[in-house]
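For reference, the chains in residue letters:
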Amino acid sequence: MLFAGERLGAAHRWFAVGIAALTFLLSLPLYLGFDNSTADFQFVERVAWIPAFRAEYFLGIDGLSLPLVLLTTFLTPIVVIAGWEVIKTRTAQYFAAFLILEGLMIGVFSALDGLLFYVFWEAMLIPMFIIIGIWGGERRVYATIKFFLYTFLGSVFMLLALIYLYLQTGGYSILGFHTVPLSMTEQMPIFLAFLFAFAVKVPMWPVHTWLPDAHVEAPTGGSVILAAVLLKMGGYGFLRFSLPIAPDASQSLALLMIVLSLVAVVYIGFVALVQSDLKKLIAYSSIAHMGFVTLGFFIAWAILARTGEVTGIGMGITGGVVQMISHGFISGALFLCVGIMYDRLHTREIGAYGGVVNTMPVFAAFFVLFALANAGLPGTSGFVGEFLVILASFRANFWYAVLAGTTLILGAAYTLWMIKRVVFGAIANEGVGSLQDLSRREFLILALMAGGVLIIGLWPAPLVDMMSASVDKLVIQVTQSKL
Amino acid sequence: MSWIPIDYLPALPEITLGLGICIVLLADLFLPAKLRDVTFLLAMATLGAAAMAVGEAGTAGSVVALSGSFVSDPLAGFLKLFALAMLATVLLYSRADLQGRPYNKGEYYVLALFAGLGILVMISGANLLTLYLGLEMQALALYALVAFDRDSPVAAEAAMKYFVLGAIASACLLYGISLLYGVTGSIQIVDVAEALGSADQASAATLLAVAFVVVGIAFKFGAVPFHTWVPDVYQGAPASVTLFVGTVPKIGAFALAVRIFVEALAASAEAWAPMLGALAVLSLAIGNIVAIAQTNLRRMLAYSTIAHVGFIFLGFAAGSQDGVEAALFYTVVYVLMAAGAFGVVILLGRQGETSDQLDDLRGLSQRSPWFALMMLLLMISMIGVPPLAGFYAKWWVLAALLDSGHLWLAIAGVVFSVIGAFYYLRVIKLMYFDPPAEAGPLRPGGSLRLVLSLNALLVLAIGLFPESLIELCAQALA
């Protein structure tokens with residue numbers, strides 16, 4: 001792709017979408033052949049890589065990574081299609097960057113070797129840096145360098161933690177990391193190092209400031225991948241590393257994590273309310289929703305402390321994962337919607353729109369659907385995850401649940417208010433008056449996204465079943481002290 | 001090769017190289033200027049013959065020869081082959097740079113080979129004076145090379161500075177060696193190590209000797225606070241000489257450090273390891289922070305070198321076998337990356353006189369996408385992002401540090417890496433995000449195109465499959 005460049009003419013687009021679609025088709029057997037009843041890793045590939053350091057090319061998926069892999073493979077073709085006509089300069093490089101990114105993201109979700117995981121995790125920064133930097137908005141250079149340095153700073157400490165774990169276990173296998181006994185004085189720095197890496201990625205309050213910049217400046221496709229997949233890597237990291245490797249440190253810091261999550265949910269919810277830029281609003285709403293994910297993960301110990309039993313822990317974790325997947329669809333779709341409007345009027349200011357429904361009725365229908373899903377409307381995917389997390393929070397502490405519940409109000413407030421200002425009302429200006437409704441290409445991608453949102457919302461059982469065995473195993477891991 | 005006295009066999013590479021230099025020197029006298037390429041080819045043939053001689057001399061087992069002043073061991077074999085290969089690479093780059101310039105003289109190749117000979121002698125030094133002789137041979141050739149463009153006042157200034165500071169540093173090293181002789185009664189590395197093992201480690205004489213040696217070696221590496229020559233030389237010298245100074249001598253400096261610290265002063269590790277640790281952190285800090293303020297590509301790379309030297313020193317500061325192996329791997333990878341980066345400087349230099357400013361990289365990805373991609377790979381590798389070789393170099397050093405319990409040094413290493421990432425990212429930004437200042441692609445000659453591409457792709461290849469180089473480094477020091 002990179003080599004052929006623009007010489008291929010229009011064909012390179014078909015090539016890119018072909019590869020992306022093929023990857024999605026190839027990922028389907030993973031789902032069909034996946035055995036829901038076991039928490040073991042499946043489809044394992046294990047080859048010696050750097051024997052001198054016992055690092056291996058070790059891949060495999062379980063119920064926690066499979067949904068994320070599928071999300072990635074599903075979204076990449078959509079992103080490629082979304083960039084079809086919009087990206088005008090250096091298109092071949094653009095699509096190549098996304099395909100490279102896809103490969104690395106799948107690698108992150110399926111790596112079972114700590115060093116390999118880190119390689120995928122870090123390598124991903126490069127295509128993303130390029131995507132934002134070349135095809136981004138006006139302040140793209142500032143945003144992309146901030147993005148790179150922020151996440152790089154976060155992850156180098158994770159590297160130190162991984163090396164430390166290697167020295168303890170004599171290998172880089174993550175499964176080995178899970179079982180190695182660690183004292184509290186070891187767990188604490190390890191947990192903090194991982195926290196630093198994952199919290200930046202999620203992002204949790206107060207290390208979220210790179211996200212609105214990166215989102216606003218990134219091209220539509222970049223925003224979609226960033227919101228839909230890259231943020232999930234942080235949440236995935238908590239499940240794969242922090243919780244099982246340092247359960248006791250997680251326990252003693254759980255309150256801190258819960259507080260940070262709730263701050264994200266409530267405070268960032270208010271911040272989102274006052275945004276005048278569409279992309280910024282969705283970016284802040286992403287942070288608030290990711291607060292739910294971390295809340296779902298770390299509520300476990302509050303439940304344990306209060307009730308003394310493990311019921312409900314799995315619910316919180318399941319809720320967190322469902323929320324991640326659903327947020328992948330919803331935020332991705334919202335960014336696509338904003339991109340579609342931006343392509344027409346070249347502004348993201350909410351004030352520049354109004355009455356879009358009059359000229360773009362089909363688009364408006366999709367936009368309202370995604371917005372309602374973002375607000376957690378029952379029947380959409382947004383509801384399932386939030387409901388499970390709030391339910392789990394009730395078992396822990398009434399007030400946690402109440403605070404988490406405010407997001408339903410805040411989320412509805414900022415999304416619906418945004419919808420009211422953008423979509424409904426009289427036609428605000430000539431620009432809106434001359435809008436064309438969706439092209440077939442745009443309709444296709446939004447319809448696919450809407451399908452995802454509704455399927456998970458109406459029938460979440462396959463998703464939940466897929467991960468239940470792995471979640472049960474994780475519950476055992478987190479509740480078993482390593483001391 | 002029975003006709004060679006057995007005692008001279010280990011020194012066969014040096015002897016071959018020395019003979020080759022004489023031939024090149026003589027031949028060049030009689031060759032007209034338009035046949036300069038013949039000199040180049042002769043020099044390359046000399047390097048090839050020397051490399052074959054390394055194989056002939058044997059790289060397995062450790063042989064001490066020439067009255068105990070010369071050693072041939074796996075480390076020497078590995079480093080010599082690498083140094084010769086890099087020397088050939090440097091000459092390939094240099095040829096592209098020298099063509100059409102007023103200072104395209106045959107002496108360039110002769111001096112470069114002499115410096116290479118000095119480096120080979122350093123690599124095989126089994127007593128402290130052999131090391132010193134090799135070092136001086138290399139240094140004198142380099143002083144002359146820096147001033148090679150005799151009409152350039154900047155080059156003359158750089159050479160002057162390099163010479164004066166270099167002479168002081170050599171004096172420090174020699175003074176340290178004489179103190180060591182005073183303490184141990186020998187200049188044989190083996191005897192020095194043995195005598196030091198039973199000597200009083202805390203005695204003022206030992207500490208003073210160690211300190212002087214550290215100063216001398218730190219200067220040759222260009223570690224803070226003995227780094228002031230680096231930016232001036234890198235900026236003032238002709239681009240091809242900068243490429244040389246920035247790469248091959250680091251191999252010699254590494255050999256010097258191993259021979260002196262790890263072999264001779266092993267017993268005094270508690271004295272030199274913290275010194276190197278402090279120098280390393282200073283180098284990382286000054287190198288990475290000052291590099292951000294540079295507007296000249298060469299000066300930026302000079303400070304980046306200083307920062308990388310900091311990482312190499314961190315490997316030594318770990319004070320373990322693993323740390324030295326990591327430092328060796330880092331040195332090899334660094335030399336490859338630096339060669340590529342300076343190769344890009346040469347590439348830009350072909351376009352005009354003053355094209356070593358960072359701004360000259362502006363929009364390179366639209367003018368010459370392929371070279372921009374090569375530079376991108378090199379810069380990412382220098383930041384230390386996988387899957388490029390630079391990452392594994394940093395990772396191994398960090399692992400060695402954590403293994404030997406130097407958590408704070410490791411943290412300093414990663415924090416300054418993040419700070420350093422900024423200026424490499426700026427290069428990428430200039431190449432990819434900014435519009436080009438002048439139109440039209442760069443049109444380098446075929447050989448420069450080829451060497452540069454192979455160089456950068458090698459950095460990528462090591463990054464994807466680091467295993468074999470890791471094995472080689474571990475075996476060289478086993």
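Residues numbered from 1 in each chain as written. Chains lettered and ligands numbered in written order. Predicted model: local features only at pLDDT ≥ 70, side-chain atom pairs only at ≥ 80, totals over all residues. Heavy atoms only, no water.

A look at the overall build of chain B
Phase 1: Helices and strands together make up the secondary structure of chain B, namely 19 helices and 2 strands.
Phase 2: Along the first, second and third principal axes, the C-alpha set of chain B runs to 70 × 55 × 40 Å.
Phase 3: By the burial criterion, 63% of the 478 residues in chain B qualify as buried.
Phase 4: Nonlocal contacts in chain B, meaning residues at least 24 apart in sequence, comprise 80% of its contacts between residues at least 6 apart.
Phase 5: Accessible area of chain B: about 16,000 Å², with a carbon and sulfur share of 68%.
Phase 6: Positive and negative side-chain charges in chain B, numbering 21 and 29 respectively, have mean positions lying 14 Å apart. (Helix = DSSP H or I, 4+ residues; strand = E, 2+ residues; numbered from the N terminus. Buried < 20%, exposed > 50% of the residue type's maximum accessible area, 1.4 Å probe, protein only. Contact = heavy atoms within 4.5 Å. Areas by Shrake-Rupley, 256 points an atom, 1.4 Å probe, with all protein chains shown as cover. Lys, Arg positive; Asp, Glu negative; His and termini not counted. Charge placed at Lys NZ, Arg CZ, Asp CG, Glu CD.)

Details of the overall build of chain A
Phase 1: When helices and strands are tallied, chain A shows 20 helices and 2 strands.
Phase 2: Computed over its C-alpha atoms, the radius of gyration of chain A comes to 21 Å, within 12% of the 23 Å expected for a compact globule of 483 residues.
Phase 3: Each principal axis of the C-alpha distribution contributes one length, and for chain A these read about 70 × 55 × 40 Å.
Phase 4: Counting every position in chain A, which comprises 483 residues, the buried fraction comes to 65%.
Phase 5: Accessible surface, chain A: about 15,800 Å² in total, of which carbon and sulfur atoms supply 68%.
Phase 6: The positive charge centre, built from 24 side chains, and the negative charge centre, built from 25, are 5 Å apart in chain A. (Rg over C-alpha atoms; globule rule 2.2 N^0.38 Å.)

A word on the pairing of strand 1 (residues 42-50) of chain A
For a regular strand, the rule is simple: side chains alternate between the two faces of the sheet.
Residues and elements named next belong to chain A.
Phase 1: Here strand 1 runs beside strand 2 (residues 55-61); their pairing, made up of 6 bridges, is antiparallel. For R46, the partnering residue across the bridge sits in strand 2 and is F58.
Phase 2: In this antiparallel pair of consecutive strands, strand 1 and strand 2, the connection spans 4 residues, and R54 shows a positive phi of 50°. (Pairing = 2+ DSSP bridges.)

Some words on the interface of chain B and chain A
Phase 1: On the chain A side, the residues contacting the 37 residues of chain B number 35 residues.
Phase 2: Together, W395, V418 and F433 of chain B form the three largest contributors to the area buried by chain B at its contact with chain A, with a combined 23%.
Phase 3: For the pair chain B and chain A, the interface holds 0 salt bridges.
Phase 4: If you look at where chain B meets chain A, you find 2 residue pairs in polar contact (both at pLDDT 80 or more). (Buried area = accessible area lost by both parts, 1.4 Å probe. Salt bridge = Lys/Arg side-chain N within 4 Å of Asp/Glu carboxyl O. Polar contact = N/O pair within 3.5 Å; in protein donor to acceptor, adjacent residues only side chain to side chain.)

Points about the packing of helix 10 (residues 239-264) of chain B against helix 13 (residues 321-349) of chain B
Residues and elements named next belong to chain B.
Phase 1: Two elements in contact, helix 10 and helix 13, have axes whose closest approach is 8 Å; the angle formed by their N-to-C orientations is 170°. Here helix 10 is positioned roughly antiparallel relative to helix 13, judged by the angle of their axes. For the pair formed by helix 10 and helix 13, the contact residues are A239, S240, T242, L243, G246, T247, K250, I251, F254, V258 and V262 on the first element and V324, A327, L328, T331, Y334, V335, A338, A339, F342, G343, V345 and I346 on the second.
Phase 2: Among the residues making up the contact of helix 10 with helix 13, the classes are represented as 16 nonpolar, 6 polar and 1 charged. (Axes fitted to C-alpha atoms, helices over the stretch in contact; angles between N-to-C directions. Parallel < 35°, antiparallel > 145°, perpendicular 65-115°, else oblique. Nonpolar A, V, L, I, M, F, W, Y, C, P; charged D, E, K, R; others polar.)

Some details on unusual backbone geometry
Phase 1: Cis geometry marks the peptide bond from V202 of chain A to P203 of chain A, where omega comes out at -15°.
Phase 2: Looking at where P203 of chain A falls in the secondary structure, it is placed in the loop between helix 8 (184-201) and helix 9 (210-217).
Phase 3: Here the residue pair P386 of chain B and P387 of chain B is connected by a cis peptide bond, since its omega of 0° sits within 30 degrees of zero.
Phase 4: With respect to the helices and strands, P387 of chain B occurs in the loop between helix 15 (369-383) and helix 16 (389-403).

Some thoughts on the pattern of salt bridges
Residue and element names in this part refer to chain B.
Phase 1: Taken as a whole, this structure holds 13 salt bridges over all chains when the rule is applied.
Phase 2: The residue R362 makes a salt bridge to D434 at a minimum N-O spacing of 3.1 Å. Placement of R362 in the loop between helix 13 and helix 14 (364-367) and of D434 in the loop between helix 17 (407-432) and helix 18 (446-464) is noted, with a sequence separation of 72 residues between them.
Phase 3: The network of salt bridges with common partners includes D73, R259 and E263.

Some thoughts on the confidence of the model for chain A
Residues and elements named next belong to chain A.
Phase 1: For chain A, the mean per-residue pLDDT works out to 81, and 97% of the residues sit at or above 70.
Phase 2: Put simply, helix 18 (residues 430-433) is where chain A has its lowest mean pLDDT, 72, and helix 4 (residues 114-123) is where it has its highest, 88.
Phase 3: Low pLDDT, under 50, characterises residues 1-6; the stretch is placed with 16 contacts to residues that sit more than four places away or in other chains. (pLDDT = per-residue confidence, 0-100.)

Some thoughts on helix 19 (residues 467-476) of chain B
It helps to recall that an α-helix has 3.6 residues per turn; residues three or four apart then point in one direction.
Phase 1: The complete set of buried residues in helix 19 of chain B reads E467, L469, I470, C473 and A476 of chain B.
Phase 2: On its buried side, helix 19 of chain B packs onto strand 1 of chain A together with helix 3 (74-98), helix 13, helix 16 and helix 18 of chain B.

Some thoughts on the packing of aromatic side chains
To describe a pair of aromatic rings, you give the distance between the ring centres and the angle between the ring planes.
Phase 1: On inspection of all chains with the given rule, the structure shows 43 aromatic pairs over all chains.
Phase 2: With a centroid separation of 5.1 Å and an interplanar angle of 20°, the aromatic rings of F383 of chain A and F387 of chain A are classed as stacked. Within this pair, F383 of chain A and its partner F387 of chain A are both found in helix 16 (residues 381-396), separated by 4 residues, close to a single helical turn.
Phase 3: With relative accessibility at 26%, the residue F383 of chain A sits in the partly exposed group.
Phase 4: Measuring from ring centre to ring centre gives 5.4 Å for F311 of chain B and Y330 of chain B, while their planes differ by 10°; the resulting arrangement is stacked. (Phe/Tyr/Trp six-rings, centres within 6.5 Å; stacked < 30°, edge-to-face > 60°.)

Here's the deal with a nonpolar patch on the surface
Residues and elements named next belong to chain B.
Phase 1: On the surface, L140, M160, F163, V164 and I168 cluster together into a nonpolar patch covering about 470 Å² of accessible area.
Phase 2: A per-element tally of the nonpolar patch places helix 6 (residues 153-184) first, with 4 residues.
Phase 3: Position of F163 among the secondary structure elements: in helix 6. (Patch = residues over 30% accessible without salt bridge, like charges linked within 9 Å, V, L, I, M, F, W, Y side chains within 5 Å.)

A few points about the environment of M449 of chain A
All names here are of chain A.
Phase 1: Tracing the sequence through the fold places M449 in helix 19 (residues 440-458).
Phase 2: Residue M449 is classed as buried on the basis of its relative accessible area, which comes to 0%.
Phase 3: Between the C-alpha atom of M449 and that of F120, which follows or precedes it by 329 residues, the distance is 27 Å.
Phase 4: With residues up to four places along the chain from it excluded, the contact list for M449 reads F74, L75, I78, G328, F329, G332, A333, L336 and F370.

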